[in-house]
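# Per-entry structural report
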Amino acid sequence: MNLRYSAAVSLIVALGGFLMGFDASVISGVVKFIEPQFDLSKIQLGWAVSCLTLTATLAMMLAGPVSDRFGRRTVLKCAAALYFISALGSAIAPNFIMLVLARMIGGIGVGASLIIAPMYIAEIAPPRLRGTMVSFNQLNIVLGISVAFFTNYLILQLGKSNADWATLLQFDAYNWRWMLGLEALPALLYFFLLFFVPRSPRWLAMNGLDDEAFEVMNKAVGEEEAKEQLVNIARSINSSKNKERISVKELFKPSLKLVLLIGIVIAITQQITGINSVFFYAPMIFEQTGIGTDASFSQAILVGLTNLVFTLFAIWLIDRVGRKPLLVFGLFGIVVSMFVLSASFGNATYQLSEKSISECSGFIEPSKLNEIENVVFQSDIEFNNALLASVGEQTFKEHQSEFIGKAISINPWLVLAGIIGFVASFAISIGPVMWVLFSELFPNRVRGLAISFVGLINSGISFIVQLAFPWEQMNLGNATTFLIYGIFGALGLVFVIVMLPETKGKSLEELEVILVKE
């Protein structure tokens with residue numbers, strides 16, 4: 001009964017991870033539609049995607065102290081409410097600014113749930129099952145990403161349905177609004193389910209509510225273990241009161257130079273190899289191969305499923321083969337995949353024939369394309385610039401994928417293989433392994449501060465990558481963009497091989513001796 005109770009509570013709390021994953025990646029299906037509707041520049045489009053990460057980063061910095069004051073459950077309820085407000089606000093946004101503001105509200109929920117959900121689960125789970133139960137949250141994040149890709153595709157198909165109810169709900173006219181608004185349903189469910197979740201026993205003990213803390217722990221782990229854990233919690237609380245506050249300056253002491261360098265490089269490498277460009281812009285990338293909107297959305301579902309499956313593999317392998325072998329294998333796969341993508345787009349050619357131009361007559365006067373008829377362009381930059389000059393900015397934004405589909409000569413299956421290979425390599429290595437490393441690398445006295453510091457760097461790089469991707473795609477081209485990601489991955493791979501020690505099977509104290517040079 002105890003195990004069933006703690007597992008049920010943990011699963012409810014982990015729904016915050018699902019909402020986070022859904023909220024972060026649902027935008028991938030939206031970017032195609034909001035760019036022409038709000039007449040966005042590439043930087044504005046990047047901002048619509050990345051603004052969520054910006055406020056999530058700020059929320060991550062504040063979530064811990066706020067939850068110490070008001071309680072973990074209270075913060076999670078607020079996060080659920082913010083998800084709900086963000087979903088509805090995004091769905092009805094009349095302009096770009098309101099869309100960004102609504103997304104930024106959701107970002108606060110993302111940052112809060114990312115920090116507090118695993119914290120709460122760790123505080124209520126039986127010690128022997130803590131790792132498994134905390135992993136519920138990570139799995140839910142990955143599941144949320146996968147479901148967002150699927151629902152985006154489903155809404156796109158419902159927009160073409162002749163069913164009366166689908167027509168009544170206007171899935172065609174308001175497809176991107178439905179994609180964003182759908183999140184309101186699981187957010188509402190999460191909010192009400194949290195009323196069945198008890199307050200965190202550690203937080204109760206921190207605030208002198210020992211009887212209620214014992215009642216919760218008794219349900220979660222049984223009477224004997226509850227008494228033992230509450231004694232340990234009280235000892236930990238008293239010990240932390242006597243500790244000096246660690247300042248950021250402590251991280252930059254010469255003795256921590258190596259371990260901090262490793263943490264920073266791993267944090268940067270995880271994001272600068274382009275994972276969030278793929279998660280947040282997957283349909284846009286696939287459309288650049290000319291396969292069309294429907295196929296690009298369906299292939300995005302494969303990205304989500306690949307991420308889910310290989311994350312499960314990583315959880316299974318991490319304590320069997322070790323952290324460093326997984327990182328080396330995964331980063332090598334990332335580099336190869338990015339070079340495959342770069343070569344695929346680099347070898348692509350673009351040519352609009354007389355026949356293909358006539359097929360565009362439904363949305364453009366064919367005479368406007370006379371100057372580029374039968375001209376062979378060797379890169380997407382050349383083709384896009386020529387097309388933009390011929391048809392104008394608005395038509396270009398609305399129908400770029402159709403023009404590319406009729407002009408491009410490329411192997412779309414090789415691009416799909418590159419993307420799937422990249423996501424699989426990321427999900428089995430640096431995606432989940434980074435957080436395990438962070439929990440092991442840093443000395444006990446600075447661990448919390450150090451993880452926050454490198455986590456902030458990680459989020460900052462993620463924000464920049466998301467913001468810049470549409471601009472890079474338009475101004476540098478797909479081949480150069482993916483080549484840059486591949487080069488950064490190669491540099492990260494060399495660093496891991498040369499500098500990173502294996503942490504598997506070593507105690508935190510052993511690692512401190514290896515990494516901290518007094």
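Note: the structure precedes this text.
Sequence order as written defines residue numbering, which begins from 1 separately in each chain. Owing to the predicted nature of the model, reporting of local features is limited to residues with pLDDT of at least 70; listing and counting of side-chain atom pairs is limited to 80 or more, with chain, interface and lining totals taken over all residues. Side-chain measures were taken over the full set of non-hydrogen atoms in the model, leaving aside hydrogen atoms and water.

## With respect to the side chain of Arg103
Definition in use: Put simply, DSSP marks the helices as runs of H or I at least four residues long and the strands as runs of E at least two long, and each gets a number from the N terminus on. Working definition: with a 1.4 Å probe on protein chains only, accessible area under 20% of the residue-type maximum means buried, over 50% means exposed, and in between means partly exposed. Positive charges are assigned to Lys and Arg, negative charges to Asp and Glu, while His and the chain termini are left out of the count. Salt-bridge detection follows one rule: a side-chain nitrogen of Lys or Arg within 4 Å of a carboxyl oxygen of Asp or Glu. N or O atoms within 3.5 Å of each other form a polar contact, as long as, within protein, one can give a hydrogen and the other can take it, and as long as residues adjacent in sequence are counted only when both atoms are side-chain atoms.
Inspection of the secondary structure puts Arg103 in helix H6 (residues 96-124). This buried residue, Arg103, is left without a salt bridge; Asp23 holds the nearest opposite charge, at 4.3 Å. Separated by 3.1 Å, the side chain of Arg103 and the backbone oxygen of Ala48 make a polar contact.

## Some remarks on the layout of surface pockets
The criterion, for reference: Grid points spaced at 1 Å over the protein atoms alone were grouped into cavities, where a 1.4 Å probe fits but cannot get out, and pockets, open sets with protein on both sides within 12 Å along at least five of seven lines, with lining residues defined by an atom within 4 Å of a point. Grid points are joined across faces, edges and corners, and a volume is the space filled by probe spheres set on the points. The nonpolar class holds Ala, Val, Leu, Ile, Met, Phe, Trp, Tyr, Cys and Pro. Asp, Glu, Lys and Arg form the charged class, and all remaining residues, Gly among them, are polar.
If you add up the space inside the second largest pocket, you get close to 160 Å³. Put simply, the parts of the chain that give the lining of the second largest pocket at least two residues each are helix H4 (42-70), helix H5 (72-92) and H6. Here the lining of the second largest pocket takes 6 residues from H4, the largest share from any one element. When the residues that make up the lining of the second largest pocket are grouped by side-chain class, the tally is 11 nonpolar, 1 polar and no charged.

## Looking at unusual backbone geometry
The phi dihedral of Gln170 falls on the positive side, at around 55°, and the residue is not glycine. Here Gln170 shows up in the loop between helix H8 (164-168) and helix H9 (175-181). Positive phi values are uncommon outside glycine, yet Asn374 reaches one of about 65°. Here Asn374 lies in the loop between helix H18 (354-358) and helix H19 (380-391). Look at Asn374 and you get partly exposed, because its relative accessible area is 42%.

## Section: the pattern of salt bridges
One pass over the full model with this rule turns up 6 salt bridges. As a salt-bridge pair, Lys32 and Glu287 come within 3.5 Å of each other at their nearest N and O atoms. You can see Lys32 sitting in helix H3 (residues 31-37) and its partner Glu287 sitting in helix H15 (residues 275-287), a full 255 residues away along the chain. Judged by its relative accessible area of 21%, Lys32 is partly exposed. Here the residues in one salt-bridge network are Asp39, Glu393 and Lys397, joined through shared partners.

## Structural notes on the environment of Ala427
The following threshold applies: We call two residues contacting when some pair of their heavy atoms lies within 4.5 Å.
Within the element layout of this structure, Ala427 appears in helix H21 (residues 412-427). A residue is classified by how much of its surface remains accessible, and Ala427, at 1% relative accessible area, is buried. Taking the C-alpha atoms as reference points, Ala427 and Val309, 118 residues apart in sequence, are found 8.4 Å from one another. Excluding residues that lie within four positions of it along the chain, Ala427 makes contacts with Asn307, Phe310, Thr311, Ala314 and Pro432.

## Here we look at the nonpolar core
For clarity, the cut-off: Definition of nonpolar core: a set of buried residues of the types Ala, Val, Leu, Ile, Met, Phe, Trp, Tyr and Cys, connected through side-chain atoms within 4.5 Å.
The biggest cluster of nonpolar side chains holds 145 residues, and the ones touching the most others in it are Val13, Ile34, Leu369, Phe383, Leu387 and Ile419. With 10 residues, H6 is the single largest residue contributor to this core. Each residue touching Ile34, except ones within four places of it in the same chain, is listed here: Asp39, Leu40, Leu45, Ala48, Leu99 and Trp176.

## A word on empty space enclosed by the protein
Enumeration over the complete set of coordinates arrives at 3 cavities of 30 Å³ or more. Empty space within the largest cavity amounts to approximately 210 Å³. Glu35, Met284, Glu287, Gln288 and Gln400 are, among the 17 residues lining the largest cavity, the residues nearest its centre. Counting residues per element, the ones that place at least two in the lining of the largest cavity are H3, H15, helix H20 (393-407) and helix H23 (447-475). Here the lining of the largest cavity takes 5 residues from H20, the largest share from any one element. The residue inventory of the lining of the largest cavity, partitioned by class, reads 4 nonpolar, 7 polar and 6 charged.

In short, the description is geometric, and any link to function would need to be established separately.
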